[in-house]
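Breakdown of the fold
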Amino acid sequence: MRYLFAILLLISLPAAATPKDEVHAAYTRFLAMKSFKASNDSTYGKDKTSSSVEFVMPDRYRVTNSGRPPSVIIGNSMYIDMDGHMMKIPMPGLKNMIGQYRNPEIMKELQGDVVVESLGTETLNGKPTKKYRYSMTKPQASTNMMWVGANGDILQIDSSGTMNKKAYHTVIQYSQYNNATIKIDAP
């Protein structure tokens, strides 16, 4: 009888979440966010860029690159400042390109054979986080580190790899999730 009770107890206990499950949950939460801000520092070959991106669901972005006025992207149209006047430029495919900041395709990869390692806990910008490492094959091969806050929010992604035979390294820091003050309207 004692063994039967032990077996029933083991069967009824929920399985512990694996690092892959935890990363999947963080991305699921991330994709449900109505808005956020991302700060991006990238190196591609010898070129370095810094930018900030604000997002409002479903497809509105404000992109500010160092030393330039912000551009607004809504769907496949970009609004850019040309000498103080906003110009609308239709750009087929733009929505998919800017979508890297909210790529739902990562969920498909995470359901595949991606190996996710837990790297323990770490403090990032004064906040306790869980840190993970994983490799992806799409949109290009990359090695990634991800820091997830105690509430499940993705706080930072550090990605590196090779694209078009050039090395790249990108660090994206996310903040201001579901912030109602982030508004992006067509100019």
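Below is a short write-up of the structure. What you see is a predicted model, and the numbers here were worked out from it, not measured in a lab.

1. Overview of helix H2 (residues 19-31)
- Taking 1.5 Å per residue as the helical rise, H2 with its 13 residues ought to reach 18 Å, and the 18 Å between its terminal C-alpha atoms agrees with that figure.
- Listing the buried residues of H2 in full gives Val23, Ala26, Tyr27, Phe30 and Leu31. Seen from one end, H2 has its buried residues packed into an arc of 130°, which puts them on one side.

2. So, the packing of aromatic side chains
- All chains considered together, the criterion is met by eight aromatic pairs.
- With a centroid separation of 5.0 Å and 70° between ring planes, the pair formed by Phe30 and Tyr174 is classed as edge-to-face. Of this pair, Phe30 sits in helix H2 while Tyr174 sits in strand S11 (residues 166-175), placing them 144 residues apart in sequence.
- For Phe30, a relative accessible area of 4% gives the class buried.
- Three or more aromatic residues joined by ring pairs form one cluster here, namely Phe30, Phe36, Phe55, Tyr61, Tyr174 and Tyr177.

3. Details of the pairing of strand S5 (residues 77-82)
- Relative to S5, strand S4 (residues 71-74) is paired through three bridges, and the arrangement is antiparallel. Within the sheet, the bridge partner assigned to Val72 lies in S5 and is Tyr79.
- With antiparallel pairing between neighbouring strands as the criterion, S4 and S5 make up a hairpin whose turn holds two residues, including Gly75 at a positive phi of roughly 60°.
- Across six bridges, S5 lies against strand S6 (residues 85-90) in antiparallel orientation.

4. Focus on the nonpolar core
- Within the largest apolar cluster, 32 residues are counted, with the highest numbers of intra-cluster contacts made by Val23, Tyr27, Phe30, Tyr134, Met146, Ile154 and Tyr174.
- Per-element accounting of this core gives the leading share, five residues, to H2.
- With residues near it in sequence (within four places) discarded, Tyr27 still touches Ile106, Met107, Leu110, Tyr134, Met146, Ile154 and Ile157.
- By size, the runner-up hydrophobic cluster in this structure holds six residues, among which are Val56, Val72, Ile74 and Tyr79.

What counts as what
- Residues numbered from 1 in each chain as written.
- Predicted model: local features only at pLDDT ≥ 70, side-chain atom pairs only at ≥ 80, totals over all residues.
- Heavy atoms only, no water.
- Helix = DSSP H or I, 4+ residues; strand = E, 2+ residues; numbered from the N terminus.
- Expected span 1.5 Å × (residues − 1).
- Buried < 20%, exposed > 50% of the residue type's maximum accessible area, 1.4 Å probe, protein only.
- Arc of directions from axis to C-beta.
- Phe/Tyr/Trp six-rings, centres within 6.5 Å; stacked < 30°, edge-to-face > 60°.
- Pairing = 2+ DSSP bridges.
- Core = buried A, V, L, I, M, F, W, Y, C linked by side-chain atoms within 4.5 Å.
- Contact = heavy atoms within 4.5 Å.

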